[in-house]
Amino acid sequence: MRIAHLAGRLVLVTDGRAVDVQKASGDLFSADPQAVYSRWAEFRDWAARADLGDGVPFDPADLGAPAPAPRQLLAVGLNYREHISEAGFTTPRGMPPVFTKFATSITGPVTEVTLPPGGHTDWEVELVVVIGRRAHRVPEADAWSHVAGLTVGQDLSERVLQMDGPAPQFGLAKSYPGFTPTGPWLVTPDEFDDPDDLELTCAVNGEEVQRGRTRQLIFSVPALIARLSGVLPLLPGDVVFTGTPAGVGLGRTPQRWLAPGDELVSSIEGIGELRQRFTG
């Protein structure tokens, strides 16, 4: 199942066409894309039985974030070994580094992003998890049952602010407007042959800069859910960025940053792509 946020409304995507959930359900579910996660099991049951009809065509530019207003947005750093090497850090052991991104930075999959003046804005393609059932102290073996679905994310990062100070400033440096595009839709785990092994790619102006597979994650999706939920409850609709593979601009020689006019395309196998264009 694929669900999306189209022009402010919750839709199901079937064969490239959108079915309005509120209308198809006879008002059983609201049009609010975020509200569905608090009734995720009920929604899954309804969608499996519903006669959805043909749907209507849509423009991907009209899509919003699949989870546009999470109560918690957690992001994991240093979760691919080659990225750790290029960043000059050491491999985490019991718990990966975790930071928050702020919800005002969340956007949909096709956007225009204004670059912060005087900054060095970098790219980080990531697999993103949306929680479908409250998870607290969940063992790894049960973790996937708490996942609503997977989507594509970009953890855009302004490196000047990030490194300005006695310690890295992750949250603010990664939360400028438009710095958290996600989408194009949410894909449920049962749509994949193996949800723990998906290919990620990222390209700037058609040049591939990142390629990896989620089987290379140091902490897999189940491991992350187990570790995070061991500290705090993960709530329905919460968003978890799982880390980026090697190839970011910070780790290149010479270093490379996004510039006005650049187009960034981020994709994950079996999900889809994001497309960002940058202005000064």
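Residues numbered from 1 in each chain as written. Predicted model: local features only at pLDDT ≥ 70, side-chain atom pairs only at ≥ 80, totals over all residues. Heavy atoms only, no water.

A. Geometry of the overall build of the protein. Of regular secondary structure, the protein possesses six helices and 18 strands. Taking 19 Å as the expected radius of gyration for a compact globule of 280 residues, we find that the protein reaches 18 Å, a close match to that expectation. Long-range pairs, those at least 24 residues apart, make up 74% of the contacts in the protein with a sequence separation of at least 6. Just so you have it, the protein exposes about 12000 Å², and 50% of that area is on carbon and sulfur atoms. Measuring between centres, the 24 positive side-chain charges of the protein sit 4 Å from its 35 negative side-chain charges. (Helix = DSSP H or I, 4+ residues; strand = E, 2+ residues; numbered from the N terminus. Rg over C-alpha atoms; globule rule 2.2 N^0.38 Å. Contact = heavy atoms within 4.5 Å. Areas by Shrake-Rupley, 256 points an atom, 1.4 Å probe, with all protein chains shown as cover. Lys, Arg positive; Asp, Glu negative; His and termini not counted. Charge placed at Lys NZ, Arg CZ, Asp CG, Glu CD.)

B. Local environment of the packing of aromatic side chains. Counting across every chain of the model gives eight aromatic pairs. Ring centres of Trp-40 and Phe-43 lie 5.6 Å apart, and the angle between their planes is 40 degrees; on these two criteria the pair is classed as tilted. With Trp-40 and Phe-43 both in helix H2 (residues 40–49) and three residues apart, the pair spans about one turn of that helix. Overall, the relative accessible area of 7% leaves Trp-40 in the buried class. Judged by its relative accessible area of 0%, Phe-43 falls in the buried class. Both rings, one in Phe-99 and one in Phe-170, keep their centres 5.4 Å apart while their planes meet at 20 degrees; by these two values the pair is stacked. Of this pair, Phe-99 sits in strand S6 (residues 98–100) while Phe-170 sits in helix H5 (residues 170–173); the two residues are 71 residues apart in sequence, bridging distant segments of the chain. Take Phe-170: its relative accessible area is 30%, and that puts it in the partly exposed class. Put simply, the rings of Phe-29, Tyr-37, Trp-40, Phe-43 and Trp-46 touch in pairs and so form one group of aromatic residues. (Phe/Tyr/Trp six-rings, centres within 6.5 Å; stacked < 30°, edge-to-face > 60°. Buried < 20%, exposed > 50% of the residue type's maximum accessible area, 1.4 Å probe, protein only.)

C. Highlighting the environment of Trp-40. In sequence terms Trp-40 and Pro-236 are 196 residues apart; their C-alpha atoms lie 8.0 Å from each other. Once residues within four sequence positions are removed from consideration, Trp-40 is found in contact with Met-1, Ile-3, Gly-132, Ala-148, Leu-186 and Thr-188.

D. Just empty space enclosed by the protein, in detail. A full pass over the atoms with the stated rule returns one cavity of 30 Å³ or more. Computed from the structure, the largest cavity encloses a volume of approximately 50 Å³. Along the walls of the largest cavity sit Pro-66, Ala-67, Leu-73, Ile-106, Val-128, Val-130, Thr-151, Thr-180, Thr-182, Val-239 and Phe-241, which together make up its complete lining. The set of elements that each furnish at least two residues to the lining of the largest cavity consists of strand S10 (125–131), strand S13 (180–187) and strand S16 (239–241). Taken together, the residues that form the lining of the largest cavity break down as eight nonpolar, three polar and no charged. (1 Å grid on protein atoms, 1.4 Å probe; cavity = no way out; pocket = protein on both sides within 12 Å on 5 of 7 lines; lining within 4 Å. Points joined across faces, edges and corners; volume = space filled by probe spheres on them. Nonpolar A, V, L, I, M, F, W, Y, C, P; charged D, E, K, R; others polar.)

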